[in-house]
Amino acid sequence: MVDQKGRPARRVEVALFRGGEGLYLVLLRDPNVKGTWRGKVLLREPRFVYDMRKGLALGRRRAFGVELRPGEAKVFSLLPYDVRGLDISAPEEVERGGDLTVRVSLEATGDVTALHVVRLEFFDGSGKYLRPLTRKLLYPGEREATVRVALNDAPGEWTIKALDVATGARTTARFEVR
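Residues numbered from 1 in each chain as written. Predicted model: local features only at pLDDT ≥ 70, side-chain atom pairs only at ≥ 80, totals over all residues. Heavy atoms only, no water.

(A) Here's a closer look at the nonpolar core. Among the nonpolar cores identified, the biggest contains 33 residues, and L100, V102, L120, F122, I160 and F175 are the most heavily contacted of them. For this core, the secondary structure elements donating two or more residues are β4 (37–51), β7 (83–89), β9 (99–108), β10 (116–123), β11 (135–139), β12 (144–148), β13 (156–164) and β14 (170–177). Examining the composition of this core, we find that four residues originate from one element, β9, more than from any other. Aside from chain neighbours lying at most four places away, what touches F175 is P91, E92, V94, L100, F122, G156, E157, W158 and I160. Counting residues in each nonpolar core, the second largest holds 13 residues, with L23, L27, L43 and F76 among its members. (Core = buried A, V, L, I, M, F, W, Y, C linked by side-chain atoms within 4.5 Å. Buried < 20%, exposed > 50% of the residue type's maximum accessible area, 1.4 Å probe, protein only. Helix = DSSP H or I, 4+ residues; strand = E, 2+ residues; numbered from the N terminus. Contact = heavy atoms within 4.5 Å.)

Here is the structure:
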């Protein structure tokens, strides 16, 4: 990381984590300084860059600009491929008291070799978030989750929302609880 004049960043903590072929970069500006720091992150090779907190794709880059206010943290995923989307497949209906198996796949421009966490959230027919049914899949690896619909759950059209935490890719699916 360098500032706007090409000097190494000062008073910015940098942490880099690896998950498979993916790199995850965390930047934290010292909270005891004044003013916004502006600079750029320089990469050894081009990567597809995603702002993980905003769920925003920045494109394939070898360098990218960053602004950090005092105490601000930013988190980026740096991947060797572009994630084009996320897909969910689930049965059209499930009986109350039955199991629902949800399958997830990432659509990417290459083999998915980095660690991704895909969060699955469930909402009943009234739109109520059903926190106990939430699942997190580590991808590649886990590509499906099974949840049990309770006997006393409300029937109706339910919604599954999926989010790839590394890239912000999202999708939604619906199924009927009978």
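(B) Region of interest: the sheet that holds β9. Pairing is antiparallel in the open sheet, where three strands are placed in the order β7-β9-β12. For this open sheet the edge positions go to β7 and β12, each flanked by a neighbour on one side alone. Between one strand axis and the next, the sheet turns by 20 degrees as a mean value, whatever way the strands run. Alignment of β7 against β9, held across six bridges, turns out to be antiparallel. Bridging across to β9, L86 finds its partner in L106. (Pairing = 2+ DSSP bridges. Axes fitted to C-alpha atoms, helices over the stretch in contact; angles between N-to-C directions.)

(C) Main features of the confidence of the model for the protein chain. Averaged over all residues, the pLDDT of the protein chain is 94; the fraction at 70 or higher stands at 99%. Within the protein chain, the lowest mean pLDDT, 86, falls on strand β1 (residues 2–3), and the highest, 98, falls on strand β6 (residues 73–79). (pLDDT = per-residue confidence, 0-100.)

(D) Region of the structure containing the side chain of D124. Relative to the helices and strands, D124 resides in the loop between β10 and β11. Lacking a salt bridge, the buried D124 has K128 as its closest oppositely charged neighbour, with an N-O distance of 5.5 Å. Those residues within four positions of D124 in sequence are excluded, and the remaining contacts are L130, E157 and W158. (Lys, Arg positive; Asp, Glu negative; His and termini not counted. Salt bridge = Lys/Arg side-chain N within 4 Å of Asp/Glu carboxyl O.)

(E) Broad picture of the environment of G156. Looking at the secondary structure, you find G156 in strand β13. Put simply, G156 and E93 are 63 residues apart on the chain and 9.6 Å apart in space, counted from C-alpha to C-alpha. Discounting residues that sit within four places of it in the chain, G156 has contacts with F175, E176 and V177.

(F) Geometry of the layout of surface pockets. Looking at the largest pocket, its volume works out to about 330 Å³. Every residue lining the largest pocket is counted, 14 residues in all, and those nearest its centre are L16, L23, L42, L43 and R44. Those elements giving two or more residues to the lining of the largest pocket turn out to be β2 (12–19), β3 (22–29) and β4. A total of six residues in the lining of the largest pocket trace back to one element, the largest contributor, which is β4. The residue inventory of the lining of the largest pocket, partitioned by class, reads 10 nonpolar, no polar and four charged. Roughly 210 Å³ of internal volume is contained in the second largest pocket. As for the second largest pocket, its lining consists of D3, Q4, K5, R7, P8, R10, R29, T36, W37 and R38. Classifying every residue of the lining of the second largest pocket gives two nonpolar, two polar and six charged. (1 Å grid on protein atoms, 1.4 Å probe; cavity = no way out; pocket = protein on both sides within 12 Å on 5 of 7 lines; lining within 4 Å. Points joined across faces, edges and corners; volume = space filled by probe spheres on them. Nonpolar A, V, L, I, M, F, W, Y, C, P; charged D, E, K, R; others polar.)

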